[in-house]
Every structure is written in C-alpha cells, then in structure tokens.
Amino acid sequence: MQSYDIFDNKIILHIQDRICDSAEEVISSELFRGIVDEAVQKLVKRHSILLDVFEKREVTPKDIDTLIETLKFLTKMPASLVPNVVPGARVLLKNTTLFNDFIENLYNYWRSFDRFIVSSDSKGRNWDKRPYRTFNETIGQLTNLIRSMYRDIQENVSGNHPRIYRQVAAGAEVSTIAVVKAADLPEEYAALNKVPMMRQMLIYPPLILNPTMNKRTGRAERVEENPLKGIDINSREWLCYPAKVGELVILIYFHLSYAELGHSLCNLFQMAEDEDLVRPPDAIYAYGVPESLLERFPSKQVFFDDQKNNLLVAAVPLKPEFGYFGYLKKMVLTLHNIIMMKRGILPFHGALVRVILKGNIDRTVLFIGDTGAGKSETLEALRSLGEDEIQDFIIIADDMGSIRIASDGTILGYGTEIGAFLRLDDLQPGYALGQIDRAIIMNANQVNARIIIPVTTYDQVIKGEKIDFILYANNYGMIDEDHPIIEHFTDAEKAMSVFREGTAMSKGTTSSTGLVHTYFVNPFGPAQYKEVHDPLAKKYFEAFFKQGIFVGQMRSRLGMVGWERKGPEEAARELLRVIQSKA
C-alpha cells in the first residue's frame, strides 16, 4: 500500500506509482497493520468478547503479528490448514464462529472511515489525460481487491459460500487525479503552486458523510491585511479544487482534514477546464490554514481585497468548528458577489428558474431570500404539483447568482452553481431518495441534515435568461385578505424597502434563531460593501419596473410551525396561477 495520512475519521491514500495488486501486499502494508492495531485497541477499551480469539485479552504486538500472518494464509487456504504453516494460528482459529465475527468487526472498522485516494502525477505521466484507466487502476482495483480478500477469508474460515453478496464500497469512496500545475498567481502566493490541483474525480454515491459541524455561524469579514501573508504549507496535506463560479474561476485550496468537504465541491461547482487555468484566477480561498496565521484578526472567516493584484483572497483556520460545508460554499459565493458588484453587476441570494408551461408560456422567475426562506422548497413543490401543466423546468441558480442589464435594457439572470446544498427536512417526501444515486449526504442523523446534488448544467448557469418575475421569499408572514400569498409591488421604493429589510424566520441553518433581518438577505458580499451595493440596487430596481417585470413577495410560510410543507405547496399553486394569468 502506498503512503497514507489519517485525519480524524478520514484515510487519505497517496498514490504516485501503483497500488497494491495482491491480497498479500495489502495485508503486509503499513496501513493494514495500523488499522488492525486501532481496531483491536477499540475492542480492548470495550472489553469486547471478540478478544477471546487471542490466548489472553492483553494483546501484544506479537499477537498482532500472528494475526496478520494468519490472515495472509486465510486468503489462500481453508482455516483447518493454516495452523500447519503459521505457529500460533491454532489459538486464533479455535472458535471459527468467533473469529468470523472478529473479521467482520475489522472489516466494518475499515469501512467506518471516509476513504480517499489522491493520485498525484508528479512524473509527467499525464494521468489526467487518461482518467478512466487511472481510476480503474486505483479505486476500482483497490475496491475489488479488499472485497475479494474479505470474502476469501470469511469463506475459508466458515467453510461456506454466502447466499447473498452485497457490493458495498470496500475500497475508497472517492478518487482524485491531481497534478502539480502552476497557476498564474502573483509572487506573493507562490507557495500555493506546490499544492496539487484536482483535474478529475470519481465518486461512488451516495456518499454519507459526517463532518464535525452541522451549522454555520458568523459571516466573512473584510480585513485590511492579507491573511495569507507568509503562508508556508505542507503541500502533501492540501489539494486545490479549481471552481467555475458563474463566469469566474476561484481556486479553492483545502486542507485534507476537511477532505470530505473539499471533495464535495464536485456536486456544487463545475471543475475548471485547462483553458480556464491559463488566465489568472479571480479569487483564491485557503480553507484550513494554521490558526497562527489568523491570530491577528478578531474574526476567523476573513477576506482581503488585494487591489494591487486585482485578486480577492480569503482564509478560514483549521479548527473543528469550521468543519461544515457552508463555510466553503458561502465564502466562495461571497467572493463571487464582491467581484460582480465591483464590475457593476448586481448579485442576488436566491433561486432562478425558467418555467415552460404548455400553451407556449415561457417565464423566468427569480426568488430572492435567505437560507430557509422556502426558495428551493417552493420550486420542488412547483415541479411536483405542475406535472400536468409544466412542459420544462430549468434551474439556472439554486442559491446565488447575478443580474445584468443588457444593452437594450433587458434584465438577464445568471447562476453560479451546478448543484444545490439543501436541507433534507424541507424537501418533498421521497425527493431525496429519488436523487440518492447522485447525492452527497451530510450529518443525516442530525438537525440541519443536508444533501448536495447536481441540479443543472454549467451551460444553463452562464447562458443568461430574461427575467419576468422577481419575488421576495417571505417565510414568516401568515396569509389573510390584506396579505396574499403573492403580493405585487407597484413601485420601486416599496419593493426596495422590503428587499433591503431582509426579514426572515431563521430555520436553524446557522446559529441565528427567530426573526432576523439581513441587508437584502445577503450577508455574502452586499452587507460588507453597502456603499457599492446601494447605488447598484437602486439602479437595478428602477430598471426592473421600467422593463415591466413583476416585482413582489411570496409568502411561503416555511418558517411557521405546521406550514413547513403545506406553505410551499400553496405558494407553488399560486405562483403557477399568477404565471398563467400574466401570459
């Protein structure tokens, strides 16, 4: 087995040449010995009866040596013959039923880790030019090898063939081809060019992951000093995911302690092509830098506007409390939004969808709202309720995007992500199960359990669609005669006041609770750059009304107890009616 690192519940296998190609080679590896040692120590702590396979419960290194040697021969011959070639094996195999349970425990302990393979091409073999073969020779080979080892050992111990075979993920769950590829970075950031850049990935969904945190707190803060000044990192412990965020390229560097989060980016952002990496990136983000690097800042989620190099730079420290996917996603989108504003383009926090109804009705709807406001939930309700009337349903943005005014005054909307990071609790019953073959699921047994799934294509994200409806997603307001499900604003000032107030009922996705107010429900850039955003918003809202766009608010009631599903369903029905009435 090649070199490896263990970070908490993650195993990272570093492959630079070849992977083990025989059971004996796997069992003789340093990693196998390490897994056996740790699995036995856990049994010792529990005083498990499985330790009775040994002569005494005080297991010595010599006992482990005998166990490993016994396992080598059990891959090739029945248990009855092994004591003839391995001194001490007779004690281990005196109770084959108990030994079989011991093997099952060892196998499950290995599988309890999140397992990653990083194939780093440092010798110019162009692994990224033949990815399918590389993946077959790494993740495919290891999976088949470990699974067959387990089965051979069990069959040789029990003397029986199983009646049911389960093709569980026995090797690695994720494999990455990464190359050391110098990005077009200013000299101050040259240390980052040592970090291998991900070029292809293979995952076996559904991935069930358990990061250390299940919610986000605080927001990214702008600082006046470069947080990466003097950075010196061990490139072996880092990877770079080059993300296409809308039209931007943002290089996301992550420490392998956050491997499960960094690799999950593949379901959210398109990976940059080779031609995208020829030009300088628009921003860089280092997720998991040493704490000492950020000691001088009160906030630990920081970004710096490097005007000298026309580059935004962000960093978050390597601490367990930042082990939540939201810290990756939201910082990246904050960088995107700031860059858009500086270019005179209005960012939005919301969902943008094109709805094509039977009868040649084609409308694009923008929902602007905070996390948990009911944007995604209403879209899913609309998708399911309108099956008989909806011809096509095209998602352009699920969480963040931008609005531009074309030369002829047309209002165009763009997205940023190809995927969605959704709360499992708020989805339609059965929806997550229907998408599970592509899903990455996080903290499934906790509040704010999440699923990351691809929902659109990059071509749809950057195409630019004419916007027909702009609705504020109100998740807290109840419905009565004066407060309809969908309320139409008649002037830009009234609309601006509602959107600027940014009122929402917190859904527990961050540390906030109750009714909260956020500037334009967007703490991801606009709140930090109000002096830039305010005149932009005024210009754009006036343009919305000039173009005759339907601007209003939709009351989803997602934040109200008892309305978590019924509210978005009723909002979806009303939206469908309004779209048809305005055709």
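The sections below set out a description of the structure shown in this document. Along each chain, residues carry numbers from 1 onward, in the same order as the chain's sequence is written. Local features are withheld for residues below a pLDDT of 70 in this predicted model, meaning they are given only at 70 or higher, and side-chain atom pairs are given and counted only at 80 or more; totals for whole chains, interfaces and linings count all residues. The basis for every side-chain value is the complete set of non-hydrogen atoms in the structure, without hydrogens or water.

## Points about the environment of K494
The residue K494 is located in helix α12 (residues 492–501) in this model. Burial classes follow relative accessibility: with a 1.4 Å probe on protein chains only, a residue under 20% of its type's maximum area counts as buried, one over 50% as exposed, and anything between as partly exposed. According to the relative accessible area criterion, K494 is partly exposed, its value standing at 36%. C-alpha of K494 to C-alpha of L13: the two residues are 481 residues apart in sequence and 57 Å apart in space. Helix and strand assignments follow DSSP, with helices taken as H or I runs no shorter than four residues and strands as E runs no shorter than two, numbered in order from the N terminus.

## Here we look at the pairing of strand β4 (residues 174–179)
In terms of burial, β4 is largely enclosed, as six of its six residues are buried. Pairs of strands are assigned from DSSP output, requiring at least two bridges between the strands. As paired elements, β4 and strand β5 (residues 197–203) share six bridges and run antiparallel to each other. Bridge pairing in β5 places A178 opposite M198.

## A look at the packing of helix α9 (residues 375–385) against helix α14 (residues 566–581)
Note on method: axes are straight lines fitted to C-alpha atoms, helices fitted across the in-contact stretch only, with angles between N-to-C directions ranging 0 to 180 degrees. Interhelical geometry of α9 versus α14 gives an angle of 65° and a closest axis separation of 8 Å. In this structure, α9 crosses over α14, and the sense of that crossing is right-handed. Packed against α9, whose contacting residues are E377, T378, A381, L382 and L385, the element α14 presents P568, E569, A571, A572, R573, L575 and L576 at the interface. By definition, turning the near helix anticlockwise from the far helix through less than a right angle yields a left-handed crossing, and turning it clockwise yields a right-handed one. Contacts are assigned to residue pairs with any non-hydrogen atoms lying within 4.5 Å of each other.

## Considerations on helix α8 (residues 325–342)
In a regular helix each residue adds 1.5 Å, so 18 residues correspond to 26 Å; α8 covers 26 Å between its end C-alpha atoms and thus fits that length. Burial analysis of α8 places 17 of its 18 residues in the buried class, which makes it a mostly covered element. One fewer than the residue count of a helix, multiplied by 1.5 Å, yields its expected span.

## Observations concerning the pattern of salt bridges
Here a salt bridge means any side-chain nitrogen of Lys or Arg lying within 4 Å of a carboxyl oxygen belonging to Asp or Glu. For the coordinates displayed, the defined rule picks out 34 salt bridges. One salt bridge in this structure joins D65 and R33, with 2.4 Å as the shortest N-O distance. Here D65, found in helix α3 (residues 61–74), pairs with R33, found in helix α2 (residues 30–46); they are 32 residues apart in sequence, far enough to count as distant. Residue class for R33 comes out partly exposed when judged on its relative accessible area of 23%. E321 serves as the salt-bridge partner of K319, at 3.1 Å between the closest nitrogen and oxygen. A residue is classified by how much of its surface remains accessible, and K319, at 22% relative accessible area, is partly exposed. Judged by relative accessible area, E321 falls into the partly exposed class, the value being 34%. Each of E247, R279, D282, R343 and R404 takes part in salt bridges that share partners, so that together they form one network.

So, to be careful, I would describe these as geometric facts and stop short of saying anything about function.
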